[in-house]
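Residue-level structure breakdown
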Amino acid sequence: MTARPPEGPSSATAHLYLREEQIRQSYESLMLAWRSLNSECEAFLRENGLGAAHHRILFLVAAHPGITPSVLLSSLGITKQSLGRALGDLRERNLLIQEEDRHDRRKRPLKLTPHGEAIERQLFQLIREAMTRAYREAGVTAVEGFKRVLSPLQMAPGGGFR
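To keep things clear, this report deals only with the structure shown in the data block. Everything numeric here is computed off the predicted structure, so don't read it as measured data.

Some details on a nonpolar patch on the surface
- The grouping of Y27, L30, M31, F146, V149 and L153 at the surface amounts to a nonpolar patch, some 600 Å² of accessible area in total.
- Of all the secondary structure elements, the ones that give two or more residues to the nonpolar patch are helix 2 (20–47) and helix 7 (140–150).
- Sorting elements by how many residues they give to the nonpolar patch places helix 2 first, with three residues.
- As for its position among the elements, M31 is in helix 2.
- Residue classification places M31 among the partly exposed residues on the basis of a relative accessible area of 44%.

The following block contains the structure:
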């Protein structure tokens, strides 16, 4: 997949309306929001003996059933060893299964078990509630604007999700 050219003004003209301080504040807001969303799930994850890596894997497998470990690896940007360890934990806890692809036996698509789906659903409920409160406070036009800002910042390495 080739990179899309940025929409809107070029970086040469972007400085006309976007100041460094605004960019710094936006980045800080993203970091704090990420921390806040993760903290919504921390207690539940701890109670279930899971960590942040498990949560990200559960979320992505729920969002993209049949995703392969190689796509997951490039999308998460973690080491193969870290991914293997987290996938092993999730399989041992009966939260995730790896199947064989009928057309290519080298591929091992991932799928959540019913127990994995239930755990992911509970985690997502916590995220949904926090994001719904934020969207409600920001207003209906903010939802589309937020997606439009984040979209070009997302990478789709190794044939990711975009």
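Focus: the nonpolar core
- I57, L58, V61, L72 and L96 are the most contacted members of the largest nonpolar core, which has 23 residues in total.
- Among the secondary structure elements, those contributing two or more residues to this core are helix 2, helix 3 (52–63), helix 4 (69–76), helix 5 (80–92), strand 2 (110–112) and helix 6 (114–138).
- Those residues in contact with I57 that sit more than four places away from it in its chain are L72, L76, L83, A86, L87, L90 and L96.

Quick look at the pattern of salt bridges
- Summed over the entire model, instances satisfying the criterion amount to three salt bridges.
- One salt bridge in this structure joins E40 and R133, with 3.7 Å as the shortest N-O distance. With E40 in helix 2 and R133 in helix 6, this residue pair connects regions lying 93 residues apart in the sequence.
- Judged by relative accessible area, which is 32%, E40 ranks as partly exposed.
- In this structure, the salt-bridge partner of K147 is E144, at a minimum N-O distance of 3.6 Å. Taken as a pair, K147 and E144 lie in helix 7 at a separation of three residues, close to a single helical turn.
- A residue is classified by how much of its surface remains accessible, and E144, at 42% relative accessible area, is partly exposed.

Rules behind the numbers
For every chain, the first residue of the written sequence is number 1, and numbering continues from 1 onward in sequence order. Totals for whole chains, interfaces and linings use every residue, but because this is a predicted model, local features are given only for residues with pLDDT of at least 70 and side-chain atom pairs only at 80 or more, for both listing and counting. Hydrogens and water molecules were not included; the side-chain quantities draw on all heavy atoms of the structure. Each patch is built from residues that are more than 30% exposed by relative accessible area and take part in no salt bridge. Like charges join if they lie within 9 Å; nonpolar side chains (Val, Leu, Ile, Met, Phe, Trp, Tyr) join within 5 Å. Where accessible areas are quoted, they stem from the Shrake-Rupley method and a 1.4 Å probe; at the residue level, only the protein chains shown are allowed to cover. What makes a salt bridge here is a side-chain nitrogen of Lys or Arg within 4 Å of a carboxyl oxygen of Asp or Glu, nothing more. Secondary structure follows DSSP: runs of H or I at least 4 residues long count as helices, runs of E at least 2 residues long count as strands, and numbering of each begins at the N terminus. With a 1.4 Å probe rolled over the protein chains alone, any residue whose accessible area is under 20% of its type maximum counts as buried; one over 50% counts as exposed, and the rest are partly exposed. In this description, a nonpolar core means a group of buried Ala, Val, Leu, Ile, Met, Phe, Trp, Tyr and Cys residues linked to one another through side-chain atoms lying within 4.5 Å. Any two residues whose heavy atoms approach within 4.5 Å at even a single point are treated as in contact.

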